[in-house]
Amino acid sequence: MGERTDSWLTRMSLKAAELKEAGHATILAIESSCDETAAALVRDGRQVLSSVIASQIPLHAMYGGVVPEIASRKHVESVDPVVREALAKAEMSLEQVDAVAVTYGPGLVGALLVGVSYAKALAYAADKPLIPVNHIEGHVSANYIATPDLEPPFICLIASGGHSHIVRVEDYGRYTLLGQTMDDAAGEAFDKAARVLNLPYPGGPLLDKLSKEGNPLALQLPHVKISGRYDYSFSGLKTALINRVHALRQRGENIPAADIAASFQHAVVELLSDKAILAALDTGAETVALAGGVASNSGLRAAMAEKCARYGLRLLMPPPILCTDNAAMIGSAAFYRLMQGEVAGLDLNACPSLRLV
Ligand code: KG4
Ligand code: ZN
């Protein structure tokens, strides 16, 4: 980076320090890590002034999953109109924004690069600090929006299409990893199971719906044994389900799809909820929060509500619109990063395998 961009970063760091000092900031956040192009305006990490999500799901459904090249191209088309719409809905101009935030990982590299490049250009042109945000931290931060009085520490069960972790949120931006999946992410497991049942992508929400008509105890699924106290695995469940469906198909028998869906969901939900509760009880936590797309699952929400009530734990479940990929959660995470003085230079790059911890 040349002298001009170095001095730009110095100036932006000073601006960020002023915002930190004031303790207030309205942030324009951009998210493009997977198949949603999203932009939002968020005040002080908690108040959503506007949130726009352009989903690409119909575009990818015919391929049975996200096609990275198509995703990148669609982000290029959508990012500018989505940002403009977010500003218009909040009745704000770019000048009135204090900082620009962007998801820089984890996710699809081409998809991330669209948001990162756009955000860098915007921040430079508008002379605003640029805040880099971890997408998983964004999911956790959806809880700060949904529950304005929430303060760390708390336990968070993060379950999305690409990630499945149980973390203790020690402080803003500080996490201890307690447990994680040994193989598929929770959403990935739901999507794969749904695919075997011929449900279109992304199958998770459809499998959830179908489960409501089935018997969760109809199908015997194997008990998963994992050595890590808070770790879990879905591949055994998934294989058992696939084998069962294939055997029925080979024999030309009727597939009891609703019973299979309900049994699979029940097994996944028991595993996730038991591990999250165990982590909360072991660490003496008072609050358990859900995050990520799978936090919309009706079975998981019901099981967590029942178990948290049983053990006297406060349960936080953001509304589904904050669980799925969105930019409001990125704006919230960005605020707390800004309050720690974090800003990025124009050499910010996409980090497809960025970790939370
Ligand atoms: O967090 P998210 O929107 O994107 C990622 O960061 O991955 O999560 C999407 C995942 C998909 O796998 C989708 O099938 C799953 O969340 N999902 C669900 C439900 N709603 C979304 N899985 C089960 N039940 C649901 N109701
Ligand atoms: Zn996500």
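Predicted, not measured: the structure shown is a model, and the values here were computed from it.

With that settled, consider the domain arrangement of the protein chain. Segmenting the protein chain into domains produces domain 1 (2-142 + 324-338) and domain 2 (151-320). A C-alpha centroid distance of 29 Å is found between domain 1 and domain 2. Each partner contributes to the interface: domain 1 provides 17 residues, whereas domain 2 provides 19 residues. Interface of domain 1 and domain 2: buried area, both sides summed, is about 1400 Å²; carbon and sulfur atoms make up 67% of it. Linking domain 1 with domain 2 are zero salt bridges, by the criterion used here. Scanning the region where domain 1 abuts domain 2 turns up four residue pairs in polar contact (both at pLDDT 80 or more). Those elements that place two or more of their residues in the side of domain 1 that touches domain 2 are helix H2 (57-61), helix H5 (135-146) and helix H12 (328-338). Examining the composition of the side of domain 1 that touches domain 2, we find that five residues originate from one element, H5, more than from any other.

Before going further, it helps to spend a moment on the layout of surface pockets. Considered as a void within the structure, the largest pocket measures approximately 1100 Å³ in volume. Looking at the largest pocket, it is lined by 41 residues, and the ones nearest its centre are Ser 160, Gly 161, Asp 191, Tyr 201 and Pro 202. For the lining of the largest pocket, the secondary-structure elements that each account for two or more residues are H2, H5, helix H6 (186-196), helix H7 (203-211) and helix H11 (320-323). No other element matches the six residues that H6 contributes to the lining of the largest pocket. Here the residues of the lining of the largest pocket sort into 15 nonpolar, 18 polar and eight charged.

Near ligand 1 you find 20 residues, and of these Gly 161, Asp 191, Asp 208, Gly 293 and Asn 297 are the closest. The backbone of Gly 187 places a nitrogen or oxygen atom 3.3 Å from an oxygen atom of ligand 1. Note that an oxygen atom of ligand 1 is positioned 3.1 Å from one of the backbone N or O atoms of Asp 325. Alone, ligand 1 offers 550 Å² of accessible surface; in the complex the protein occludes 87% of this. Applying the majority rule of atoms within 2 Å of the grid points places ligand 1 in the largest pocket. Every element with two or more residues in the shell around ligand 1 is listed here: H5, H6 and H7. Along the lines of polarity and charge, the residues of the shell around ligand 1 split into five nonpolar, twelve polar and three charged.

Scanning the model with the defined rule gives 18 salt bridges in all. Of the charged contacts, one joins Arg 168 and Glu 170 as a salt bridge, the two residues approaching to 3.0 Å between their closest N and O atoms. For Glu 170, a relative accessible area of 22% puts it in the partly exposed group. Across the salt bridge formed by Glu 253 and Arg 251, the nearest N and O atoms sit 2.8 Å from each other. The exposed category is assigned to Arg 251, whose relative accessible area is 54%. Put simply, Asp 184, Glu 188, Lys 192 and Lys 238 are held in one network by salt bridges that share partners.

All chains considered together, the criterion is met by eight aromatic pairs. With centroids separated by 5.4 Å and ring planes inclined at 55 degrees, the aromatic side chains of Tyr 144 and Tyr 336 adopt a geometry described as tilted. Taken together, the positions of Tyr 144 in helix H5 and Tyr 336 in helix H12 put the pair 192 residues apart, joining distant regions of the chain. A single burial state applies to Tyr 144 and to Tyr 336, both of which are buried. When the centroid spacing of 6.1 Å and the interplanar angle of 85 degrees are considered together, the rings of Phe 190 and Phe 264 count as edge-to-face. A residue pair is termed long-range when its members are at least 10 positions apart, and Phe 190 in helix H6 and Phe 264 in helix H9 (residues 257-283) qualify at 74 residues. Both residues of the pair, Phe 190 and Phe 264, belong to the buried class.

Reading the values: rules and limits
- Here the residue numbers are simple positions, counted from 1 along each chain's written sequence.
- Numbering of ligands from 1 and lettering of chains from A proceed in the order in which they are written.
- Local features in this predicted model are restricted to residues whose pLDDT is 70 or higher, and side-chain atom pairs enter the listing and the counts only when it is 80 or higher, whereas totals over whole chains, interfaces and linings include all residues.
- The side-chain figures draw on all heavy atoms in the structure; neither hydrogens nor water molecules are used.
- Domain borders in the structure are assigned automatically or taken from a domain database.
- Contacts are assigned to residue pairs with any non-hydrogen atoms lying within 4.5 Å of each other.
- Values labelled buried area give the accessible surface lost by two parts on being combined, using a 1.4 Å probe and summing over both.
- Throughout this description, the term salt bridge denotes a Lys or Arg side-chain nitrogen within 4 Å of a carboxyl oxygen of Asp or Glu.
- Pairs of N or O atoms within 3.5 Å make up the polar contacts considered here, provided that, within protein, one atom can donate a hydrogen while the other can accept it, and that residues adjacent in sequence are counted only when both atoms are side-chain atoms.
- Numbered from the N terminus, helices here are DSSP runs of H or I no shorter than four residues, and strands are runs of E no shorter than two.
- Only protein atoms enter the calculation, which uses a 1 Å grid: trapped sets of points that fit a 1.4 Å probe without letting it out are cavities, open sets showing protein on both sides within 12 Å along at least five of seven lines are pockets, and any residue with an atom within 4 Å of a point is a lining residue.
- Grid points are joined across faces, edges and corners, and a volume is the space filled by probe spheres set on the points.
- The classification used treats Ala, Val, Leu, Ile, Met, Phe, Trp, Tyr, Cys and Pro as nonpolar, Asp, Glu, Lys and Arg as charged, and all other residues, Gly among them, as polar.
- The cutoff for a nearby residue is simple: one of its non-hydrogen atoms must lie within 4 Å of the molecule or strand.
- Note that accessible areas follow from Shrake-Rupley with a 1.4 Å probe, and for residues the cover is restricted to the protein chains shown.
- Should more than half of a molecule's atoms lie within 2 Å of a pocket's or cavity's grid points, that molecule is taken to sit in it.
- Partly exposed describes any residue whose relative accessible area lies between the buried limit of under 20% and the exposed limit of over 50%, with all areas from a 1.4 Å probe on protein chains only and scaled to the type maximum.
- Only centres within 6.5 Å qualify two rings of Phe, Tyr or Trp (six-membered ring in Trp) as a pair; their planes then separate them into stacked at under 30 degrees, edge-to-face at over 60, and tilted for everything else.

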